[in-house]
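# Structural features, examined
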Amino acid sequence: AISDGILKKILLSYAYVALWIFLSFTVIVYNKYILDKKLYDWPFPISLTMIHMAFCSSLAFALVRVFKLVEPVALTRSAYLSSVLPIGALYSLSLWLSNSAYIYLSVSFIQMLKALMPVAVYSIGILFKKDSYKPATMSNMMAITVGVAIAAYGEAKYDSWGVILQLGAVAFEATRLVMIQILLTSKGINLNPITSLYYVAPSCLAFLSIPWLFVELPLLRRQHSRFHFDLLIFGTNSFCAFALNLAVFLLVGKTSALTMNVAGVVKDWLLIAFSWSVIKDTVTPVNLFGYGLAFLGVGYYNHSKLQALKAGEAQRKVLDDDEEALKLLSEKEGDGAA
């Protein structure tokens, strides 16, 4: 029998997972719709990312400073420059490149390439000495890489530039995740999504403004009559991006990062099915075979992490029990001596 408290916790966990999948799904498809030349035809990824960051910065500022719903984290100028600013730079590059890839690649193929994220995080973790090299784990990473390579070989609308952009986005995002551990977590700086956007989004906006001035602003000036800016579309798109950040916080905070990884696999399959059935992207059998192999590798990696977490919790429980037993023994010896 399951108690009401446990049942409620399970249902809430599924609700957080469903909310995150829905918002992540919506943002990805919405961005594809805006950027694709065959759909909305507004191919300016830097501008779109800057709109997102400006919206998130403004809303986060209002929640922190105006409505005071969230307490800002005390950060010194040196901590901001040495810790938050590098993460903002990596985040801006990751978002810029990932949004740019939607112009050249299908949604389904982009999700297949994103399966390389564990490989990138593990490799960069070894490089920065946050992870140790293990032959079994590296073999797992190689299996994922081979699967993605097969999926790329079977891609019907392969575009080399689009692949380079998406791989660059994966590399920068993986570096950002490792840097969060090194620059923030290790220093005891914990940022929730609101404070994270409050500090990081303005720096992203500043970094993105540099390439925007040279790459997209001249195009917008020359072809301003061709492209139209719909406030409703960009407003709702930005709000979905902001809501996704909150959903990430809820999912990771109320469950775990591992749950988000597993939910991400489900989301990827849903996006591939949606891309094939609704957007009419071509998904070949070789695509599916390669991604299936990568999927098994990612699944095994998540399973290994789960087993390691369980072993760590069991070890901590044994140590706590031993400590409690020693404490009781010392108290008894003290009573006997008295």
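So, here's what we can say about the structure. Predicted model only: the values in this text are computed from it and were never measured.

The rules behind each value
- Here the residue numbering is sequential within each chain, running from 1 through the sequence in written order.
- Two thresholds apply to this predicted model, a pLDDT of at least 70 for residue-level local features and 80 or more for giving and counting side-chain atom pairs, whereas whole-chain, interface and lining totals are computed over all residues.
- Think of the side-chain values as coming from all heavy atoms in the structure, minus any hydrogens and water.
- Numbering of helices and strands starts at the N terminus; helices are DSSP runs of H or I of at least 4 residues and strands are runs of E of at least 2.
- Each residue is assigned to one of three classes by its accessible area relative to the maximum for its type, calculated with a 1.4 Å probe on protein chains only: buried under 20%, partly exposed between the two thresholds, exposed over 50%.
- We call two residues in contact when some of their heavy atoms are within 4.5 Å.
- Each accessible area is a Shrake-Rupley result for a 1.4 Å probe, and residues are judged covered by the shown protein chains and nothing else.
- The convention used is that axes are lines fitted to C-alpha atoms, helices contributing only their stretch in contact, and that angles between N-to-C directions extend from 0 to 180 degrees.
- Geometric relationships in this document are graded by angle, where less than 35 degrees denotes roughly parallel, more than 145 denotes roughly antiparallel, 65 to 115 denotes roughly perpendicular, and other angles denote oblique.
- Here is the rule for handedness: rotate from the far helix to the near one, and if that takes an anticlockwise turn smaller than a right angle the crossing is left-handed, while a clockwise turn gives right-handed.
- Any residue that is not Ala, Val, Leu, Ile, Met, Phe, Trp, Tyr, Cys, Pro, Asp, Glu, Lys or Arg is counted as polar, Gly included; the first ten are nonpolar and the last four charged.
- Distance and chemistry together define a polar contact, namely a pair of N or O atoms within 3.5 Å, with one atom able to donate a hydrogen and the other to accept it when in protein, and with adjacent residues in sequence counting only for side-chain atoms on both sides.

With that settled, consider the overall build of the chain. Regarding its fold elements, the chain presents twelve helices and zero strands. Counting helices and strands in the order they occur from the N terminus, the chain gives α-α-α-α-α-α-α-α-α-α-α-α. Projected onto its principal axes, the C-alpha positions of the chain cover 90 × 50 × 45 Å. When each of the 338 residues of the chain is scored for burial, the buried share is 43%. Taking the intrachain contacts of the chain between residues at least 6 apart in sequence as the baseline, contacts between residues at least 24 apart amount to 84%. When the accessible surface of the chain is totalled, it reaches about 18,500 Å², and 68% of it is carbon and sulfur.

With that settled, the discussion passes to the packing of helix α5 (residues 117-127) against helix α7 (residues 160-184). For the pair α5 and α7, the least separation of the axes is 9 Å and the interaxial angle reads 50°. The angle between α5 and α7 places the two elements in the oblique class. Crossing hand, α5 versus α7: right-handed. Judged by residue contacts, M117, A120, V121, I124 and G125 of α5 engage V170, A171, E173, A174, T175, L177 and V178 from α7. Split into classes, the residues belonging to the contact of α5 with α7 amount to nine nonpolar, two polar and one charged.

What follows covers the side chain of S57. Tracing the sequence through the fold places S57 in helix α2 (residues 45-66). Take S57: its relative accessible area is 14%, and that puts it in the buried class. A distance of 2.7 Å separates the side chain of S57 from the backbone oxygen of M53, its partner in a polar contact.

This paragraph deals with the environment of G292. By secondary structure assignment, the location of G292 is in helix α12 (residues 285-337). For the pair G292 and F128, spaced 164 residues apart in sequence, the C-alpha separation works out to 30 Å.

Function-wise, these values are silent; they only describe arrangement.
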